[in-house]
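# Structural characterization, general
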Amino acid sequence: MSYRLMNKYLSYFYQQLRYNSNRTCLARIGREKYCRMYLTTIVNPDGSSYSIRYHEPRKIINLPMNTAELTPEELQKHLSRKKVLEKIVIEEQPDDDFDINRYSHLWKTKPTDKK
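Residues numbered from 1 in each chain as written. Predicted model: local features only at pLDDT ≥ 70, side-chain atom pairs only at ≥ 80, totals over all residues. Heavy atoms only, no water.

### Structural notes on the overall build of the chain
Note the threshold: The helix count covers DSSP runs of H or I at least four residues long, the strand count covers runs of E at least two residues long, and both are numbered beginning at the N terminus. Any two residues having at least one pair of non-hydrogen atoms within 4.5 Å are treated as being in contact. Reported accessibility uses the Shrake-Rupley method at a 1.4 Å probe radius. Residues are deemed covered only where the shown protein chains occlude them.
Counting its regular elements, the chain contains two helices and three strands. Secondary structure elements of the chain occur, N-terminal to C-terminal, as α-β-β-β-α. In the chain, the share of contacts with a sequence separation of at least 24, taken over all contacts with a separation of at least 6, comes to 0%. When the accessible surface of the chain is split by element, carbon and sulfur atoms take 54% of a total near 12,500 Å².

Here it is in structure tokens:
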């Protein structure tokens, strides 16, 4: 084996030792944006789900339903879930037969014997 060929193999071996995974602790990674990805669950309109990596820390993402593919009955049912329920108004009745004296025994204190 010639000296030149041997030198070529040794330089290749030296570079492999020099540029191993420990190099990352000595220098920063050369990227402009350090992005952290969070584990997120995607739920399809049909109920199936799968996990992805997402750039925001969210637990679950529900994909919207395509209303163009629904039948008229399913569309009506879907839209009825979105309607706001009417508020129930309670009217006060003027003739109230509440007697406060019936409950007066609850706040009266009993006398204590002090000797």
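### A look at the confidence of the model for the chain
To keep things clear, this is the line we draw: Confidence of the prediction at every residue is given by pLDDT, a number between 0 and 100.
Put simply, the chain has an average pLDDT of 76, and 68% of its residues get 70 or more. Mean pLDDT across the secondary structure elements of the chain bottoms out at helix 1 (residues 3-18), with 57, and peaks at strand 3 (residues 60-62), with 93.

### Focus: the sheet that holds strand 1 (residues 38-43)
Put simply, the test is: In this description, strands pair whenever DSSP reports at least two bridges between them. Fitting a line to C-alpha atoms yields each axis, with helices limited to the stretch in contact; the angle taken between N-to-C directions then spans 0 to 180 degrees.
Read from one edge to the other, the open sheet built from three strands follows the order 2-1-3, with strand pairing classed as mixed. Each edge of the open sheet carries a strand with a single partner, namely strand 2 (49-54) and strand 3. The mean inter-strand angle of the sheet, taken between neighbouring strand axes irrespective of direction, is 30°. Taken together, the six bridges between strand 1 and strand 2 define a ladder with antiparallel strand orientation. Bridging from a neighbouring strand, Val43 pairs with Ser49 of strand 2.

### Some thoughts on the pattern of salt bridges
For the record, the criterion: Here, a salt bridge means any side-chain nitrogen of Lys or Arg that lies within 4 Å of a carboxyl oxygen of Asp or Glu. Exposure categories follow from relative accessible area, calculated using a 1.4 Å probe and restricted to protein chains: below 20% of the type maximum is buried, above 50% is exposed, and the middle band is partly exposed.
Applying the stated criterion to the full structure yields one salt bridge. Between Glu56 and Arg58 there is a salt bridge, with the nearest N and O atoms lying 3.2 Å from each other. On the accessibility criterion, Glu56 (31% relative accessible area) is partly exposed.

### Quick look at the side chain of His78
With respect to the helices and strands, His78 occurs in helix 2 (residues 72-82). Given a relative accessible area of 15%, His78 falls into the buried group. If sequence neighbours within four positions are ignored, His78 has contacts with Met65, Thr67 and Leu70.

### Here's the deal with a nonpolar patch on the surface
The cut-off we apply is this: For patches, a residue must show more than 30% relative accessible area and have no salt bridge; joins then use 9 Å for like charges and 5 Å for nonpolar side chains, namely Val, Leu, Ile, Met, Phe, Trp and Tyr.
A surface patch of nonpolar side chains, amounting to about 590 Å² of accessible area, comprises Phe98, Ile100, Tyr103, Leu106 and Trp107. If you trace the backbone, Trp107 turns up in the segment after helix 2. Given the relative accessible area of 52%, Trp107 is considered exposed.

### Considerations on the pairing of strand 1
Sheet topology note: the strand 1/strand 3 ladder contains three bridges and is parallel. What sits directly across from Thr41, in strand 3, is Ile60.

### A short note on the side chain of Thr40
Selection rule: N or O atoms closer than or at 3.5 Å make up a polar contact, with two conditions inside protein: a donor-capable atom paired with an acceptor-capable one, and, for residues adjacent in sequence, both atoms drawn from side chains.
Summarising the element assignment, Thr40 is placed in strand 1. Exposure remark for Thr40: the relative accessible area of 0% places this residue in the buried category. Reaching out from Thr40, the side chain makes a polar contact with the backbone oxygen of Arg58 at a distance of 3.2 Å. Filtering out sequence-adjacent residues up to four positions away, Thr40 remains in contact with Tyr50, Ser51, Ile52, Tyr54, Glu56, Arg58, Lys59, Ile60 and Ile61.

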